[in-house]
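# Structural overview for review
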Amino acid sequence: MDTVARLMPGSRTLWLTFYAAILAAWAVLFAMQAGGLRDAADWQLARQVGGLPFGQPLEAFLSLCSATAANAGFKAAILMWALMALAMMAPTAFPAFRTYAQLTQTSAAGNLPLVALVSGYLAMWLGFSGLAGALQVWLAAQALLDPFGKSVSNSLNAALLLLAGAYQFSRLKQACLSSCRNPLTFFFSHWQPGARGGLSLGLRLGAVCLGCCWALMLLAFVAGTMNLAFMGLAMVLMTLEKLPDIGAKLTAPLGVFLILAGLVVLVLPLLPITI
């Protein structure tokens, strides 16, 4: 029971909804990768034989699942990135959400401030999803992405790896990580009461989290935007990086690794190959 209380301070229903939303996002991402009815011919056959059992909503879902990262439209690309943000970033912010829940629970403020906080946080990442989706559509239009959203350009891959690696050592990254690693200090420094205050804090928390992770998120174009293994690994790394003890030992080595990987990707094609 102590573990449950730590994982779900306050309303159990609210936290169960939070966890269910994350699991649902992972499930949809898995369906999009697996491609349920990715073959358009199979999808058309299903419609001709008698229609799809749940009508237009199911058709829309299957249409999304049948899209690839290289041919997805702007709306589908935004949805892909929004699901990635929910699946990958919401778990990394759980310590902050829990801290805020404990603070508002103590002040008997109810659940609305926590809902507003999480909504503000996700709204900030939704804005990022719009920009990332637009970038994905543009890269696809330049024939720089394969069907799984992986860059086919060594120069682009190297640039993204070097950018992410260098950003690990930036002052902005360190400042944002400091706030993420100390959520209690962050909330006390910017505290605003009520639901409106929760929304404002959520937007601020989302901006701080975005400042920590945007460069790492863009590495999805290196590994593939539909690569679940990358999503899982990136989520774990970004979560660990926000932990005070582990994160302090992880940020610099990760930066060095990314810079070396970028240099390898950049230089390797230039080396003479002998058989």
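Residues numbered from 1 in each chain as written. Predicted model: local features only at pLDDT ≥ 70, side-chain atom pairs only at ≥ 80, totals over all residues. Heavy atoms only, no water.

Moving on: the layout of surface pockets. In this structure, the largest pocket spans a volume of roughly 340 Å³. If you trace the largest pocket, you find 15 residues lining it, with Leu219, Phe230, Leu233, Phe257 and Leu258 closest to the centre. When contributions to the lining of the largest pocket are tallied by element, the ones reaching two or more residues are α12 (220–223), α13 (228–241) and α14 (244–267). A class-by-class count of the residues in the lining of the largest pocket yields 15 nonpolar, no polar and no charged. If you add up the space inside the second largest pocket, you get close to 190 Å³. If you trace the second largest pocket, you find it lined by Leu14, Trp15, Thr17, Phe18, Ala21, Leu86, Phe97, Leu114, Val115, Val118, Ser119 and Leu122. Elements that contribute at least two residues to the lining of the second largest pocket include exactly α2 (12–34) and α7 (112–141). Residues belonging to the lining of the second largest pocket are distributed by class as follows: ten nonpolar, two polar and no charged. (1 Å grid on protein atoms, 1.4 Å probe; cavity = no way out; pocket = protein on both sides within 12 Å on 5 of 7 lines; lining within 4 Å. Points joined across faces, edges and corners; volume = space filled by probe spheres on them. Helix = DSSP H or I, 4+ residues; strand = E, 2+ residues; numbered from the N terminus. Nonpolar A, V, L, I, M, F, W, Y, C, P; charged D, E, K, R; others polar.)

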